[in-house]
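# Residue-level structure breakdown
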Amino acid sequence: AASNAMSCIVLNVKKDWSDHALWWEKKKTWLLKTHWTLDKYGIQADARLLFTPQHKLLRLQLPNMKHMKVKVNFSDRVFKAVSDICKTFNIRHPEELSLLRKPRDPKKKKKKLEEAEEDDLELEGPLLTPGSGDPGLYSKTMTPTYDSRDGSPLSPTSAWFGDSPLSEGNPSILAVSQPISSPDILVKLYKPQSLLDKAKINQGWLDSSRSLMEQDVKENEVLLLRFKYHSFFDLNPKYDAIRVNQLYEQAKWAILLEEIECTEEEMMMFAALQYHINKLSIMASDNHMNNSEKEVDEVDAALSDLEITLEGGKTSNTLGDITSIPELADYVKVFKPKKLTLKGYKQYWCTFKDITISCYKSKEEAHGTPAHQMNLRGCEVTPDVNISGQKFNIKLLIPVADGMNEIWLRCDTEKQYAHWMAACRLASKGKTMADSSYNLEVQNILSFLKMQHMNPDPQFIEPITTDINPECLVSPRYLKKYKNKQISARILEAHQNVAQMSLIEAKMLWPSLIKLYYDGVKREELIGITYNRLIRMDPSNGDAIKTWRFSNMKQWNVNWEIKMVTVEFADEPSLSFTCAEVDCKVVHEFIGGYIFLSTRAKDQNESLDEEMFYKLTSGWV
């Protein structure tokens, strides 16, 4: 037996060998089933086996771009290893994260430059061993030791971290955002230039159902810990200060490195949020340094937590008729683009019932046959808003047999836009305005629009100070377009709309900014995979050509030999594609992973169903 083989080795060294195991390098296999014979493993007399520790050092780059040395079990499946790592860092819901190999910049050929880049971002901290944390870390009844207003760690931090090795060091580095110290850091980092470059980043995702050693990960190698599945469950500032901050950091870096596309107004608003968060983080740090024995009123903190958890959602005093489904009816401008046409928007009286928009030539004809009718189930909904230009457009891509029909809606006011946009988003998921999330969605859209307003009164705008560094707050595209002084002025204008936000509120906005990950299909096309659908995309501009909802999917299969993915649907032709830039396992895992995440519910046991995850994502295992 493998166990007998190990016991026969005579080593005159006093050492704990319990972490060691046999590794068969030729077959890339751990011999962990010690009750198996060597013959059952297929090992012959000439086989070379390595007797090596299962736990090895890994240099882990966190979403905030800082590096930490972590001791990880190289024989565990990646899904289990990530779960242990997240317990060490006190990040709940580790199923949303995974490990990614660092993308290589084709322009940088010298390895020394990359090593220098990593050293610039090195984080000094204790050596961490995942899995040694307190199992009670995931309990919903734990006593919070984070300030409910700004999300920063309170003293003593060891009360929160328990037996975790982080209690030996300074855990605040994970929960508190640190401003980018120099624009030189941004210059050194890899920036994808096209959608295809962004697709190629996904080549680096590790297979969640295989171990690190099986995937040729070496000791002391740098891997990226990133949020892979953008379906964030039960975000609660009471327990998730580190998780929220790391989400914010990942979104921030994605915007600055232009991995996320955004409009000019959005970029200035995001820059203002960064500026605001940076200021509050510094103030919070100073306050905790000056008053380490700060008292917290637990009742006030609990009420504040409850208010944030409810996300501002308020119930109406009047319940109304719960058997009726709300409807919208108003004059809306509608435009259907056609080739070689200069015709603009045409005004219609539009009614929105259930998940269908009906367009009539006038209000008086609303009881007759509509001129146009659109069923929005499965459609793509894209905002096109310019606050200063008073433009409130909604772009709809509605699935039809041969592709997508493009329809544009133009609203006259912010209020009208918020209601119609919220209704469109729900209808695309097959939900009506009777859904409990409708009013909250309307309020979120209005709040988002309010933040983009520029303050017209200059007397309320802060004077430009030296603490604004535009080169660290906006992406290179806008640095080339405007002078630094102009950008600083616009950031301060946008800052007026977020200046009253608490630190944790500002950070909680960022999860909604993280967009799709793109997975390459052919040289000419892209497949976008998000939490509830597949999207065939135009690689030149990222526009959706066709959408397939997971809710309409019967099954998906992978031909591992020719790397072809086939997805079958209930009432439309199946989709088949081969993967050119990424392994088909990456696509398979994205689909299965999102379906796994969709099964989560707050009333379920908090322990992860690992076997179900492997069934949905492993494929051949």
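Data block above holds the structure.
About the criteria used
- Residues numbered from 1 in each chain as written.
- Predicted model: local features only at pLDDT ≥ 70, side-chain atom pairs only at ≥ 80, totals over all residues.
- Heavy atoms only, no water.
- Pairing = 2+ DSSP bridges.
- Helix = DSSP H or I, 4+ residues; strand = E, 2+ residues; numbered from the N terminus.
- Axes fitted to C-alpha atoms, helices over the stretch in contact; angles between N-to-C directions.
- Salt bridge = Lys/Arg side-chain N within 4 Å of Asp/Glu carboxyl O.
- Buried < 20%, exposed > 50% of the residue type's maximum accessible area, 1.4 Å probe, protein only.
- Core = buried A, V, L, I, M, F, W, Y, C linked by side-chain atoms within 4.5 Å.
- Contact = heavy atoms within 4.5 Å.
- 1 Å grid on protein atoms, 1.4 Å probe; cavity = no way out; pocket = protein on both sides within 12 Å on 5 of 7 lines; lining within 4 Å.
- Points joined across faces, edges and corners; volume = space filled by probe spheres on them.
- Nonpolar A, V, L, I, M, F, W, Y, C, P; charged D, E, K, R; others polar.
- Phe/Tyr/Trp six-rings, centres within 6.5 Å; stacked < 30°, edge-to-face > 60°.
- Lys NZ or Arg CZ within 6 Å of the ring centre and 35° of its normal.

### Some remarks on the sheet that holds strand 13 (residues 391-400)
Strand pairing in a sheet takes place through backbone hydrogen bonds and is either antiparallel or parallel in direction. The 7 strands lie next to each other as 11-10-9-8-14-13-12, forming an open sheet whose pairing is antiparallel. The open sheet terminates on both sides in strands that have one partner only, identified here as strand 11 (372-375) and strand 12 (380-386). Recorded for the sheet is a direction-independent mean angle of 30 degrees between the axes of neighbouring strands. Pairing analysis gives 5 bridges linking strand 9 (residues 346-353) to strand 10 (residues 356-360), with the strands arranged antiparallel. Residue pairing for strand 10: Cys350 is matched across the bridge by Cys359.

### Some words on the pattern of salt bridges
Overall, the coordinates contain 22 salt bridges when judged by the stated rule. Between Lys391 and Asp384 there is a salt bridge, with the nearest N and O atoms lying 3.4 Å from each other. Residue Asp384 is classed as partly exposed on the basis of its relative accessible area of 24%. One network of salt bridges, in which partners are shared, links Arg92, Glu95, Glu96, Asp234, Asp240, Arg243 and Arg600.

### Some points on the nonpolar core
Among the nonpolar cores identified, the biggest contains 36 residues, and Phe352, Ile357, Leu376, Ile394 and Leu396 are the most heavily contacted of them. Looking at this core, the element that brings in the most residues is helix 11 (residues 414-428), giving 9 residues. If near-sequence neighbours (up to four positions away) are discounted, Phe352 is found in contact with Pro326, Glu327, Leu328, Ile357, Leu376, Trp420, Ala423, Cys424, Ala427 and Met433. Leu62, Leu174, Ala175 and Leu206 belong to the second largest nonpolar core, which has 35 residues in total.

### A look at the pairing of strand 1 (residues 20-24)
With respect to burial, strand 1 is a largely interior element, 5 of its 5 residues being buried. Here strand 1 shows two buried faces, one formed by His20, Leu22 and Trp24 and the other by Ala21 and Trp23. Judged from the 3 bridges that link them, strand 1 and strand 2 (residues 29-31) form a sheet pairing that is antiparallel. Bridge pairing links Trp23 to Trp30 in strand 2. Linkage of strand 1 to strand 2, two consecutive antiparallel strands, is achieved through a turn of 4 residues, within which Lys28 is found at a positive phi near 50 degrees.

### Let's talk about the pairing of strand 17 (residues 533-537)
Looking down a regular strand, the side chains alternate between one sheet face and the other. The element strand 17 is extensively covered by neighbouring structure, given that 4 of its 5 residues are classed as buried. Across 5 bridges, strand 16 (residues 526-530) lies against strand 17 in antiparallel orientation. Its bridge partner being in strand 17, Gly528 is matched across the sheet by Ile535. From the end of strand 16 to the start of strand 17, which pair antiparallel, there are 2 residues. Across 5 bridges, the pairing between strand 17 and strand 18 (residues 544-549) is antiparallel. Across the sheet, the residue bridging to Arg536 is Lys546, located in strand 18. Between the end of strand 17 and the start of strand 18, which pair antiparallel, lie 6 residues, with Gly542 showing a positive phi angle near 80 degrees.

### Here we look at empty space enclosed by the protein
Counted according to the given criterion, the structure contains 2 cavities of 30 Å³ or more. Its boundaries defined by the atoms lining it, the second largest cavity holds a volume of some 30 Å³. For the lining of the second largest cavity, the residue count by class is 4 nonpolar, 1 polar and 3 charged.

### Re the packing of aromatic side chains
Summed over all chains, the structure comprises 17 aromatic pairs. With a centroid separation of 5.0 Å and 50 degrees between ring planes, the pair formed by Trp36 and Tyr41 is classed as tilted. Given a relative accessible area of 22%, Trp36 falls into the partly exposed group. The exposure class of Tyr41 is buried, given its relative accessible area of 15%. Among the aromatic side chains, those forming a connected cluster through ring pairs are Phe79, Phe596, Phe613 and Tyr614. A cation over a ring is seen here: Lys228 above Phe590, with NZ or CZ 5.0 Å from the ring centre. When the ring centre of Tyr482 is taken as origin, the NZ or CZ atom of Arg490, which lies over that ring, is 5.8 Å away.

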